[in-house]
Amino acid sequence: MNRIKEVLEEKGIMIWLRRALHERSRRLEIMRSYSSLVENMPVLYARVELIFDPGARIIDYVYREVNPTFEKYILPKEKILGKKYSELNPDYSPELPDR
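Residues numbered from 1 in each chain as written. Predicted model: local features only at pLDDT ≥ 70, side-chain atom pairs only at ≥ 80, totals over all residues. Heavy atoms only, no water.

A.B. asks: Could you clarify how one ought to interpret the overall build of the protein in this entry?
C.D. replies: Across its full length, the protein holds 5 helices and 2 strands. Of the regular secondary structure in the protein, the N- to C-terminal order runs α-α-β-β-α-α-α. Evaluated residue by residue, the protein yields a buried proportion of 11% over its 99 residues. Restricting to contacts in the protein with at least 6 residues of sequence separation, those with at least 24 account for 34%. (Helix = DSSP H or I, 4+ residues; strand = E, 2+ residues; numbered from the N terminus. Buried < 20%, exposed > 50% of the residue type's maximum accessible area, 1.4 Å probe, protein only. Contact = heavy atoms within 4.5 Å.)

A.B. asks: Would you mind showing me how to read a nonpolar patch on the surface here?
C.D. replies: A contiguous nonpolar patch, built from V48, L50, F52 and I58 and spanning about 310 Å² of accessible area, is present on the exposed surface. You can see I58 is positioned in strand β2 (residues 58-66). Residue classification places I58 among the partly exposed residues on the basis of a relative accessible area of 36%. (Patch = residues over 30% accessible without salt bridge, like charges linked within 9 Å, V, L, I, M, F, W, Y side chains within 5 Å. Areas by Shrake-Rupley, 256 points an atom, 1.4 Å probe, with all protein chains shown as cover. Salt bridge = Lys/Arg side-chain N within 4 Å of Asp/Glu carboxyl O.)

A.B. asks: Even after reading the chapter, I still don't get the pairing of strand β1 (residues 46-52), so can you show me in this structure?
C.D. replies: The side chains of a regular strand alternate between both faces of the sheet. In this structure, β1 lies alongside β2, joined through 7 bridges in antiparallel fashion. Note on β2: the bridge partner recorded for L50 is Y61. Counting the residues between successive antiparallel strands, the hairpin from β1 to β2 contains 5 residues, one of them, A56, with a positive phi of roughly 70 degrees. (Pairing = 2+ DSSP bridges.)

A.B. asks: Looking at this model, I keep getting lost on the environment of E65. Mind explaining?
C.D. replies: Looking at the element boundaries, E65 is found in strand β2. For E65 and Y45, which are 20 residues apart along the polypeptide, the C-alpha to C-alpha distance reads 8.1 Å. Setting aside residues no more than four positions away along its own chain, E65 makes contact with V38, Y45, A46, R47 and L81.

A.B. asks: Any chance you could explain unusual backbone geometry here in plain terms?
C.D. replies: Most peptide bonds take the trans form, and the phi angle of most residues other than glycine is negative. Even without glycine at this site, A56 takes up a positive phi of about 70 degrees. Considering the arrangement of structural elements, one finds A56 in the loop between β1 and β2. Look at A56 and you get partly exposed, because its relative accessible area is 39%.

Here you go:
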């Protein structure tokens, strides 16, 4: 076992592995902080996926994530996630000005 460790250290693999694990740990902590911020902020938050027409204009969007404040004032996530804005608002028309 020690011989394997020596060979890996000689080739720099152990150093690379330690750095990779440290970077992964750092990114996970950033993701946790972001998630906590979104979940606890008193501002409406929704992450959406844009839908484009063949001319690259935005014509609709799908709700992918909402925070508790959004749920409190708009709709619970069970009723909104994965749905298009046009599904939730039948009167919606994507009449957007040209760029």
